[in-house]
Amino acid sequence: MPTYTALTTLSDETRAQALGEALEELDPAPVGVGVFELEDGSGLWEVGAYFTEVPDDIALTLMAAAFGSAEFAISELPEIDWVAHVRRELKPVEAGRFFVYGSHDAEKLPADRIGLLIEAAMAFGTGHHGTTLGCLKALDRLATGGFHGKNVIDVGCGTAVLAMGAAKIWPETVLATDIDQVAVDVAEANVVANGLAGRVECLEAMGFDHDLIHARAPYDLVFANILKGPLIQIAPDMARHTEAGSLAILSGLLNTQAADVLAAYQAAGFTEVEREEIGDWTTLVLRRA
């Protein structure tokens, strides 16, 4: 069955969200709609819809005009077994002591590495992206340097690979949260697959806004591998949920965005410990003053 995409961009989040909602009312209806902030520092939002029938290009043109977006780009996706394709393309990743792999590469796990099993179908958060890789490497350096995370939270956990990395090296229970219940379900499946049931607790939450998160504070290590905007927004909350000496590993930000994110956290009482650039992406390690 062919799949068609219709993609556009606009500069205002409110209009982007409204356009996404309007797309769901089209006939033929899309099978999925997404609204995302582009990670290139442009400030643009991408609105996309996926169809199993040819979309109504006239209706899309009218919508673009009504919401002030760029003209929709409509294309047909090639019929590819994407899981098989990803399995061929995504090789295991080593990040310090961690070895991130799919089940198809299980035999490649070295005896002296800590394995983190993430299935290839869940490409975001496999460790191949510079943000996840940077966070895992930062975690490894902290642990190698003698740090022991006794109360750890992974905010915006995605596949929960970072939370699981912490749980693999320290005995305490780690909290993993995400704003999307689908991501939480994926995280829970990964936790079970890695033999960490009961060691990583997954829940749906927006930032630090959850009774359980409040109850377990203060945290001595916080992961937040999200985007520039949300990172800046949660800086005051992160300060309220940590204490002097607590550490934060932040990523999901372009190299050009690091200064703005760091400034927000310095204003909230954090100081820079280290940073690493991997390609276009920066990982920051901060300490609460």
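Parameters and conventions
- Residues numbered from 1 in each chain as written.
- Predicted model: local features only at pLDDT ≥ 70, side-chain atom pairs only at ≥ 80, totals over all residues.
- Heavy atoms only, no water.
- Salt bridge = Lys/Arg side-chain N within 4 Å of Asp/Glu carboxyl O.
- Helix = DSSP H or I, 4+ residues; strand = E, 2+ residues; numbered from the N terminus.
- Buried < 20%, exposed > 50% of the residue type's maximum accessible area, 1.4 Å probe, protein only.
- Axes fitted to C-alpha atoms, helices over the stretch in contact; angles between N-to-C directions.
- Parallel < 35°, antiparallel > 145°, perpendicular 65-115°, else oblique.
- Left-handed = near helix turned anticlockwise from the far one by under 90°.
- Contact = heavy atoms within 4.5 Å.
- Nonpolar A, V, L, I, M, F, W, Y, C, P; charged D, E, K, R; others polar.
- Core = buried A, V, L, I, M, F, W, Y, C linked by side-chain atoms within 4.5 Å.
- Phe/Tyr/Trp six-rings, centres within 6.5 Å; stacked < 30°, edge-to-face > 60°.

1. Topic: the pattern of salt bridges
For the coordinates displayed, the defined rule picks out 10 salt bridges. One salt bridge connects Lys137 with Glu276, and the closest N-O pair in it is separated by 2.7 Å. With Lys137 in helix 4 (residues 130-144) and Glu276 in strand 13 (residues 270-278), this residue pair connects regions lying 139 residues apart in the sequence. Residue Lys137 is classed as partly exposed on the basis of its relative accessible area, which comes to 25%. As a salt-bridge pair, Arg275 and Glu272 come within 2.8 Å of each other at their nearest N and O atoms. The exposure class of Arg275 is partly exposed, given its relative accessible area of 37%. Sharing partners across several salt bridges, the network here consists of Lys137, Arg141, Glu274 and Glu276.

2. What about the packing of helix 4 against helix 5 (residues 161-169)?
It is the contact of helix 4 with helix 5, at a shortest axis distance of 10 Å, that shows an interaxial angle of 20°. By the angle between their axes, helix 4 is roughly parallel relative to helix 5. Read as a crossing pair, helix 4 and helix 5 show a hand that is right-handed. Where helix 4 approaches helix 5, its residues Thr132, Cys135, Leu136, Leu139 and Ala143 are matched on the opposing element by Val161, Leu162, Gly165, Ala166 and Ile169. For the contact of helix 4 with helix 5, the class distribution of residues is 8 nonpolar, 2 polar and no charged.

3. Describing the nonpolar core
Membership of the largest hydrophobic core comes to 39 residues, with the highest contact counts inside it found for Trp170, Val200, Leu221 and Ile249. When sequence neighbours within four positions are dropped, the list of residues in contact with Leu221 reads Leu139, Leu142, Phe147, Asn151, Val152, Ile153, Trp170, Leu247 and Ile249. In terms of nonpolar packing, the next biggest core, distinct from the first, is built from 26 residues, Val155, Leu175, Leu253 and Leu262 among them.

4. Topic: the packing of helix 1 (residues 13-23) against helix 2 (residues 57-67)
Taken N-terminus to C-terminus, the directions of helix 1 and helix 2 make an angle of 155°; their axes are 10 Å apart at the nearest point. The angle between the axes of helix 1 and helix 2 places the two elements in the roughly antiparallel class. Where helix 1 crosses over helix 2, the two elements pack in a sense that is right-handed. Contact residues: helix 1 offers Arg15, Ala18, Leu19, Ala22 and Leu23, while helix 2 offers Leu60, Met63 and Phe67. A class-by-class count of the residues in the contact of helix 1 with helix 2 yields 7 nonpolar, no polar and 1 charged.

5. Re the packing of aromatic side chains
For the coordinates displayed, the defined rule picks out 3 aromatic pairs. Measuring from centroid to centroid gives 6.0 Å for Phe99 and Tyr101, while their planes differ by 40°, and the two rings are tilted. Here Phe99 falls in the buried class, since its relative accessible area comes to 5%. On the accessibility criterion, Tyr101 (13% relative accessible area) is buried. Ring geometry for Tyr265 and Phe270: centres 5.6 Å apart, planes at 70°, overall edge-to-face.

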